[in-house]
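One-letter residues, chain by chain:
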Amino acid sequence: MRGQWFIDGTWQPLEEEESNLIEQEHLNRFKGQQLQESFDMEISKPVDGKEAIHSLKLSRNHVDWHSVDEVYLYSDATTSKIARTVTQKLGFSKASSSGTRLHRGYVEEATLEDKPPQTSHIVFVVHGIGQKMDQGRIIKNTAMMRDTARKVEEKYFSNLATHVEFLPVEWRSKLTLDGDTVDSITPDKVRGLRDMLNSSAMDIMYYTSPLYRDELVKGLQQELNRLYSLFCSRNPEFEEKGGKVSIVSHSLGCVITYDIMTGWNPVRLYEQLLQKEEEELEESWMSYEERRLLEELYITKQRLREIEERLHELKASTISKPPVLKFKVENFFCMGSPLAVFLALRGIRPGSSGSQDHILPRTICNRLLNIFHPTDPVAYRLEPLILKHYSNISPVQIHWYNTANPLPYEHMKPSFLNPSKEATSAPEPDSTSAAPSPTTSPVLVRRHYGESITNIGKASILGAASIGKGLGGMLFSRFGRSSATPQTMEAGKDGPEGDDKKATTVGTPPLPHSSSGFLEPTVELEHRIDFELREGLVESRYWSAVTSHTAYWSSLDIALFLLTFMYKQDQEETDKSNLDTL
């Protein structure tokens, strides 16, 4: 929290807007006057019989100065005025009866060491739907994420002199949209449920509305730019030292942030559809007169487009258009994001290149990362929109917070999501499945989003043999995970590659693959995009489906994941600059 003027007793800071007005008035009136030297003065001593020497009217309050360091705040509400009149008639002073004493500066004297570490990276945290229903929720959620990140920093990154700062972006409350029109047409029965839907799910309808979409986009864009300018004004060295900016967006916030960065507009899609209709018309049969008129129309439209392009070029040469965002986005983290389904409905289809540029150019954002819980009903995968065969490749599993010596994410090889679908038969217990050679380490078969592990060979269930059949076997198939057996838990100490040595491959996946179960090096993504949280060992999937969409904020696993990527990039750039210097 930042503060200049504080309330006596609680030492809570005043609202920043009021505090700035009081500070400006205080300096204009008392600048140059001497204060008491002792900081341990009697701060609770009331002012009796002293008249105010200066006063300032605020929107809902007024401030009286009885001396340079005796300042009182009074409410101008009607009830406060009546109470003040009554108590003054009874002989009490105005200050002692209804005034709140203010202090310029905090109760403890500041020291040079009392400052936060230098911020090398700021993260804007953008909320999704439901902010109108629970105003201030994104501030609480960001505080949770910040506190969790601090714990991770202390454990894993304490040797670094810089740190990452998380800043909430609350864009919904300032929007007008339809005013109260939707509320006025809402029936009164089950009003609580209807109000909840109006305050949450209605945001999706607003965003798909051609009338209100731009207001939502501009609201978030302006708030991001305002916060960045404010941060840079208070931290002037941030830009000078090459500070970086990342964005963490949740739910619908991912879609709006994406559209701001890429400049996507539904009008452009409409123009493409019109052009497609024109091409279809040209191919269909028509009379000579119809074709002649159609050609004239086509020539006229072409001429109109040329004139518009020339006009835009002329304007661009005279007026330099400012960038949509005042900063370059280093990382765009999506949490519980429906972005993929929005892109699919806009006509984005898989390509033949494994580049992120297919959906988000690297010139706009260096790295796109899609984080989701396997049971989050709102989240969708992005990788199959770039390369189709990644629909059968499992997302990268996010490491547990307390995993010892985890394998770096860039070294984790892609593995098939559900090869058992293609399996014709499971291997016999006594069949000699080819043992993994030192050069090829087969990947452990993963279940498809929580499906029980089936059709796995003898080598992968050695640790579960003691469970037996009956109830124990049922529990294992219901709650079992690839990392839950004693065999694989032991191997987990050596990282995911240790797990690989305990597993065998199953079936024949439909895509090119090696005997190790990993993909052959045909077409792969330059960088993995989809990252999946691990489920709990005894976690109910139905309950998780309800709670998982809002469970990202306090996750230590996610905090470690975010900081790993951001600190790794900073460290690589530092090492590179040191090498350049040498």
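Here, every reference points to the structure presented above.
Analysis parameters
- Residues numbered from 1 in each chain as written.
- Predicted model: local features only at pLDDT ≥ 70, side-chain atom pairs only at ≥ 80, totals over all residues.
- Heavy atoms only, no water.
- Pairing = 2+ DSSP bridges.
- Helix = DSSP H or I, 4+ residues; strand = E, 2+ residues; numbered from the N terminus.
- Axes fitted to C-alpha atoms, helices over the stretch in contact; angles between N-to-C directions.
- Contact = heavy atoms within 4.5 Å.
- Buried < 20%, exposed > 50% of the residue type's maximum accessible area, 1.4 Å probe, protein only.
- Core = buried A, V, L, I, M, F, W, Y, C linked by side-chain atoms within 4.5 Å.
- Patch = residues over 30% accessible without salt bridge, like charges linked within 9 Å, V, L, I, M, F, W, Y side chains within 5 Å.
- Areas by Shrake-Rupley, 256 points an atom, 1.4 Å probe, with all protein chains shown as cover.
- Salt bridge = Lys/Arg side-chain N within 4 Å of Asp/Glu carboxyl O.
- Right-handed = clockwise from strand over helix to strand, strands pointing away.
- Phe/Tyr/Trp six-rings, centres within 6.5 Å; stacked < 30°, edge-to-face > 60°.
- Lys NZ or Arg CZ within 6 Å of the ring centre and 35° of its normal.

1. Some thoughts on the sheet that holds strand β4 (residues 70-75)
Phase 1 of the analysis: Pairing in this open sheet of 5 strands is antiparallel, and the strands run β1-β5-β4-β3-β2 from one edge to the other. The sheet terminates laterally at β1 (5-7) and β2 (54-57), the two strands that pair on one side only. Across the sheet, the axes of successive neighbouring strands diverge by a mean angle of 30°, strand direction being ignored.
Phase 2 of the analysis: Strand direction decides the pairing type here: β1 and strand β5 (residues 100-104), joined by 3 bridges, are antiparallel. Opposite I7, over in β5, you have L102 as the bridge partner.
Phase 3 of the analysis: Contacts between helix α1 (residues 16-30) and the sheet are confined to β1, β2, β3 (61-67) and β5, with β3 contributing the most and set at about 30° to the helix.

2. Side note on the pairing of β4
Phase 1 of the analysis: Counting buried residues along β4, 5 of its 6 residues qualify, which places the element largely inside the surrounding structure.
Phase 2 of the analysis: As judged from the 6 bridges shared by β3 and β4, these two strands associate in the antiparallel manner. Each bridged residue has a counterpart across the sheet, and for N61 the counterpart in β4 is S75.
Phase 3 of the analysis: Where β3 folds back on β4, the antiparallel hairpin that results is connected by 2 residues.
Phase 4 of the analysis: Two strands pair when backbone bridges link them, and β4 and β5 are joined in this way by 3 bridges, in the antiparallel orientation. Bridge pairing in β5 places V71 opposite L102.

3. Observations regarding the nonpolar core
Most often, soluble globular proteins keep nonpolar side chains buried together rather than apart.
Phase 1 of the analysis: Ranked by size, the top nonpolar core spans 52 residues in total, and within it F124, L224, I256, F327, F332 and L382 carry the most contacts.
Phase 2 of the analysis: Take this core: its biggest share by element is 8 residues, from helix α8 (residues 213-234).
Phase 3 of the analysis: Of all hydrophobic cores here, the second largest spans 35 residues; its members include F531, F561, M566 and Y567.

4. Details of a nonpolar patch on the surface
Phase 1 of the analysis: Residues M133, V190, L193, M196 and L197 make up a contiguous nonpolar surface patch of about 460 Å² in total accessible area.
Phase 2 of the analysis: Tracing the backbone through its elements, the reader meets M196 in helix α6 (residues 191-199).
Phase 3 of the analysis: Note on M196: relative accessible area 37%, which makes it partly exposed.

5. Digging into the pairing of strand β10 (residues 365-372)
Phase 1 of the analysis: Extensive coverage of β10 is indicated by the burial of 7 of its 8 residues.
Phase 2 of the analysis: Sheet topology places strand β9 (residues 329-335) next to β10; 6 bridges connect them, and they run parallel. Its bridge partner lying in β10, M335 is registered against I371.
Phase 3 of the analysis: Taken together, β9, helix α13 (residues 339-345) and β10 constitute a β-α-β crossover, and its handedness is right-handed.
Phase 4 of the analysis: Across 3 bridges, β10 lies against strand β12 (residues 530-532) in parallel orientation. Looking at the pairing, N370 lines up with D530 of β12.

6. Observations concerning the packing of aromatic side chains
Phase 1 of the analysis: In the structure shown here, the tally under the stated rule is 17 aromatic pairs.
Phase 2 of the analysis: Between Y228 and F327, the aromatic rings sit 5.1 Å apart at their centres with planes inclined by 45°, giving tilted as the arrangement. You can see Y228 sitting in helix α8 and its partner F327 sitting in the loop between α12 (288-318) and β9, a full 99 residues away along the chain. Like Y228, the residue F327 is buried in the burial classification.
Phase 3 of the analysis: Judged by centre distance (5.7 Å) and plane angle (90°), the ring pair of Y409 and F531 falls under edge-to-face. Placement of the pair is Y409 in the loop between β11 (396-397) and α14 (471-479) and F531 in strand β12, with a sequence separation of 122 residues. With respect to burial, Y409 and F531 carry one shared label: buried.
Phase 4 of the analysis: One aromatic cluster is present, built from ring pairs that chain together F333, Y409, F531, F561 and F565.
Phase 5 of the analysis: Positioned above the aromatic ring of F30, the side-chain terminus of R29 is 5.0 Å from the ring centre.
Phase 6 of the analysis: Above the ring of W264, the side-chain terminus of R346 is found at 3.6 Å from the ring centroid.

Keep in mind that these numbers describe shape and distance, not what the molecule does.
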